[in-house]
Amino acid sequence: MKQTIIIFGLLLVLLMGSAAAQDTAPTLRDLAQRLDFHVGVAVSSWMFDEDERFEATLAREFNLLVTENDAKWCYTQPEEGRFDFTGFDRLMDFAEANAMTVHAHVLIWHQCFPDWLAEKELSRDEALQILRNHIFTVVGRYKGRILYWDVVNEAFDEFGNLRDTHWLRWIGADYIDYAFQFAHEADPDALLFYNDFGAEAINLKSNAIYRLVSGMVQKGIPIHGVGLQTHLGVGDVGVGRPIDPAKLAENMTRLGELGLEVQITEMDVRHAGLPEAEVLQQQAGVFYQVLQTCLETPVCTAFTVWGLADHYSWLKMPDYGDNPDVAPLLFDADFQPKPAYTAVQDALARKAGAEPLLTDDAIVAMLPPRPAILQTELPEPAKSDPAQLAPDPVAGVAYYAPFPVAITLDGDTSDWADIPRSKVENVITMPDDMPSEMQFAVAADADNLYFLAEVRDSALVYGLYDVVAEWYMEDSVEFYINATGNLAPSAYESGIVQLGIAAANIANSGEPLIGGGLSGDVPIQVVVTPTEDGYTVEAAVPLQSDVWTIEPAQGGVLGFQSHLNGASVDSRDTKLIWSKADTEDQSYRDPSLFGRLIFWEAAVG
Ligand code: XIL
């Protein structure tokens, strides 16, 4: 009986393969083999034995097996001193039977952290003892059989600070060094990786990782690679927008210069709504771009997808994704190759000198668009009123900021008279019976960049929240600046700031109350004044600071964004956004959603 099932299964695979016209093209595994490269997939032991197509596809297409869950602490040592390797062994057996390399994921992670351990209060020595024992037992068991080990996962937050984890509290920042040392002692031949997400391009997190691993290399700590998870998205998904491939290459190369390997370790590409044909094309383009960058950057040794077929994806779990229809992987739920599969196959085939699967035009058509901010064509600048010092703003897209203009921060807006106003129009949320409105203006003199916000608000609500941490929960305005000269980054880095200015500054005579991402990087002056029907904010930041030098010049561009937050009762119920690219209130994490601020010489007329 068993045999018939297997034969039937094989037949099915063959039939479907030919239906998709994949029968003559080499598999991903064939191509990777020719390139001496690894194409990997993350799988869990509980996915086996359910559907023959799973195992068939796994062994046919991939030469690297990544343990999606079975090597995590909560599975390998679910209770103190009781180790369980049932699932891990299953994966090892399959990999070995099918001549697949293994990348084991992961020894140290703040998730899948068992309760028995979380509940403990440990001294540094006790914690080190538990860490050592765990790593020796798990890594030691498979000594010589695992090529790659993820030792530490996601130790940093998005601003590049070490995450507040149990290990950090018990041991200190050197818990990372110890984990690598223990793993190396347990299996001296394994290549040991640090792995993280959102650190693909150059940003605060990838800079922090670079500093960490440089230090480790310098101290002689056995680290051999950095894994870039690469959980990306297309369209308005709010996270992981396509990254700048040049910056990905730059990041990989600098890690390579330390003598480390780099891998794409967990790639998937999420999207909103159903996986319509157009979405699948865009998704294919993102896979293509990342793989191609990896293949063109010699230190990049593997490309791994985080799941075999769409229905296995972690993003299907409500804890991790918000779109039950998400289809983020290379194969659909019938194990049929998707456009993303063909894109990956094509990138590998071209690199291997094999017959391409796609035309050059087809590739160009699916590649991700540049960020909205750079794409929108601007109309010819025009002044609706000749007295204006700069052209009319292009709503939600571009604002022309005149310079030099004399401004004083005093609550009197007469010095702003001839400076154009732009409305913050896009309503994310707002109560019908308590509408708010905001318009802003920006200008510069020789020293500062000046912002004006004019807010109509029927009920001023402030002073209820911690102004630095939760300023956005009550009445406040936000100005965002990207002065890096590169408007594409989709994560914050030095030179990009979010200035959250709370209405609470009305009642404050000390240092300005300011929050927002990297807002501490630039000094700011603020005057917030109540008006008959709301309040005004005037603010100034210097053109010269530790993180930027802004030299206003005709046509010079900054990334720019503005928001209004309003509370009409006791917490935020109003959110208005200026930049049209930011449809989901994501500017606090993704500066590629900003619009443009264009300097305009007031004398130009
Ligand atoms: C995920 C798994 O895919 C899920 O099955 C599990 O429930 C939670 O963890 N980054 C990582 C992986 O490093 O370990 C995570 O894996 C996905 C995000």
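As the structure is a prediction and not an experimental result, all values here were calculated from the model.

### Section: the packing of aromatic side chains
The full count for this structure, using the stated rule, is 31 aromatic pairs. Considering the side-chain rings of Phe48 and Phe54, the 5.0 Å spacing of their centres and the 80° angle between planes classify their relative orientation as edge-to-face. We classify Phe54 as buried; its relative accessible area is 0%. Positioned above the aromatic ring of Phe197 is the side chain of Lys205, whose terminal nitrogen or guanidinium carbon lies 3.6 Å from the ring centre. Taking the ring centre of Tyr210 as reference, the NZ or CZ of Arg254 above it sits at 4.7 Å.

### Overview of unusual backbone geometry
The linkage connecting His105 with the following residue, Val106, adopts the cis geometry, with an omega of 0°. Residue placement: Val106 occurs in the loop between β3 (101-104) and α6 (115-118). Residue Phe403 is joined to Pro404 through a cis peptide bond whose omega torsion reads -15°. Relative to the helices and strands, Pro404 resides in the loop between β10 (398-403) and β11 (422-423). The residue Ala99 is not glycine, and still its phi comes out positive at about 50°. Summarising the element assignment, Ala99 is placed in the loop between α5 (86-97) and β3. Exposure remark for Ala99: the relative accessible area of 62% places this residue in the exposed category.

### A look at helix α9 (residues 175-186)
A rise of 1.5 Å per residue sets the reference length of α9, with its 12 residues, at 16 Å; its end C-alpha atoms lie 16 Å apart and thus fit the reference within 8%. On its buried face, α9 is in contact with α7 (124-141), β4 (148-153), α8 (166-171), β5 (191-196) and α10 (204-219).

### A look at the state of the cysteines
One pass over the structure, following the stated rule, counts two disulfides. With its sulfur 1.7 Å from that of its partner, Cys74 forms a disulfide with Cys112. When the S-S torsion is -75°, as for the bridge of Cys74 with Cys112, the disulfide is left-handed. Here Cys74 is found in helix α4 (residues 73-76), whereas its partner Cys112 is found in the loop between β3 and α6, with 38 residues between them in sequence. Across the disulfide, Cys294 is cross-linked to Cys300 (sulfur-sulfur distance 2.1 Å). One quick way to see it: the torsion about the S-S bond of Cys294 and Cys300 is about -90°, and its sign makes the bridge left-handed. Classification of Cys300 by relative accessible area gives buried; the value is 5%. Regarding the disulfides, the chain carries the connectivity 1-2, 3-4 under sequence-order numbering of its bonded cysteines.

### Considering the nonpolar core
Ranked by size, the top nonpolar core spans 108 residues in total, and within it Leu58, Phe88, Trp149, Val152, Trp167, Phe180 and Phe303 carry the most contacts. No other element matches helix α12 (residues 277-296), which puts nine residues into this core. Those residues in contact with Trp149, other than ones at most four positions away along the chain, are Ala71, Phe88, His103, Ala104, Val106, Leu107, Val138, Val139, Ala190, Leu191, Leu192 and Phe193. Of all hydrophobic cores here, the second largest spans 56 residues; its members include Ala401, Val405, Tyr450 and Val455.

### Side note on the side chain of Thr27
Note that Thr27 resides in the loop between α1 (2-19) and α2 (28-35). In this structure the side chain of Thr27 is engaged in a polar contact, spanning 3.0 Å, whose partner is the backbone nitrogen of Asp30.

### Brief notes about the sheet that holds strand β13 (residues 436-444)
With antiparallel pairing, five strands are arranged side by side in an open sheet as β11-β13-β14-β19-β18. The open sheet has two edge strands, β11 and β18 (525-531), and neither has a second partner. Examined bridge by bridge, strand β14 (residues 448-457) and strand β19 (residues 534-542) share nine bridges and lie antiparallel to one another. The residue bridging Asn448 from the neighbouring strand is Pro542, located in β19.

### Let's talk about the pairing of β10
Burial runs high along β10: six of the six residues are buried. Burial along β10 is two-sided: the residues Ala398, Tyr400 and Pro402 and Tyr399, Ala401 and Phe403 are all buried. Relative to strand β22 (residues 595-601), β10 runs parallel, the two being bridged by six bridges. The residue of β22 that forms the bridge with Tyr399 is Leu597.

### Considering the confidence of the model for the chain
Here the chain averages 93 in pLDDT, while 94% of its residues score no lower than 70. Low pLDDT, under 50, characterises residues 1-22; the predicted model gives this stretch 17 contacts beyond four residues in sequence or across chains.

### Observations regarding the site of the ligand
Taken together, 14 residues lie around the ligand, and Glu68, Lys72, His105, Asn153 and Glu266 are the ones closest in. Contact distances for the ligand include 2.9 Å between an oxygen atom and a side-chain N or O atom of Asn69. For the ligand, whose unbound accessible area comes to 410 Å², protein coverage reaches 91%. Residue composition of the shell around the ligand, grouped by class: five nonpolar, five polar and four charged.

### Brief notes about the environment of Leu378
Tracing the backbone through its elements, the reader meets Leu378 in the loop between α15 (372-375) and β10. Under the relative-accessibility criterion, Leu378 is labelled partly exposed at 25%. Sequence separation between Leu378 and Gln282 is 96 residues, and the spatial gap between their C-alpha atoms is 25 Å. Not counting residues within four places of it along the chain, the set of residues in contact with Leu378 comprises Val394, Val397, Ala398, Tyr400, Arg596 and Ile598.

### Comments concerning the pairing of β5
With respect to burial, β5 is a largely interior element, five of its six residues being buried. Pairing analysis gives five bridges linking β4 to β5, with the strands arranged parallel. Bridge pairing links Tyr148 to Leu191 in β5. Where β5 and strand β6 (residues 225-228) come together, four bridges link them in parallel fashion.

Each value, and the rule that gives it
Residues numbered from 1 in each chain as written. Predicted model: local features only at pLDDT ≥ 70, side-chain atom pairs only at ≥ 80, totals over all residues. Heavy atoms only, no water. Phe/Tyr/Trp six-rings, centres within 6.5 Å; stacked < 30°, edge-to-face > 60°. Buried < 20%, exposed > 50% of the residue type's maximum accessible area, 1.4 Å probe, protein only. Lys NZ or Arg CZ within 6 Å of the ring centre and 35° of its normal. Helix = DSSP H or I, 4+ residues; strand = E, 2+ residues; numbered from the N terminus. Expected span 1.5 Å × (residues − 1). Contact = heavy atoms within 4.5 Å. Disulfide = S-S within 2.5 Å. Core = buried A, V, L, I, M, F, W, Y, C linked by side-chain atoms within 4.5 Å. Polar contact = N/O pair within 3.5 Å; in protein donor to acceptor, adjacent residues only side chain to side chain. Pairing = 2+ DSSP bridges. pLDDT = per-residue confidence, 0-100. Near = heavy atom within 4 Å. Areas by Shrake-Rupley, 256 points an atom, 1.4 Å probe, with all protein chains shown as cover. Nonpolar A, V, L, I, M, F, W, Y, C, P; charged D, E, K, R; others polar.

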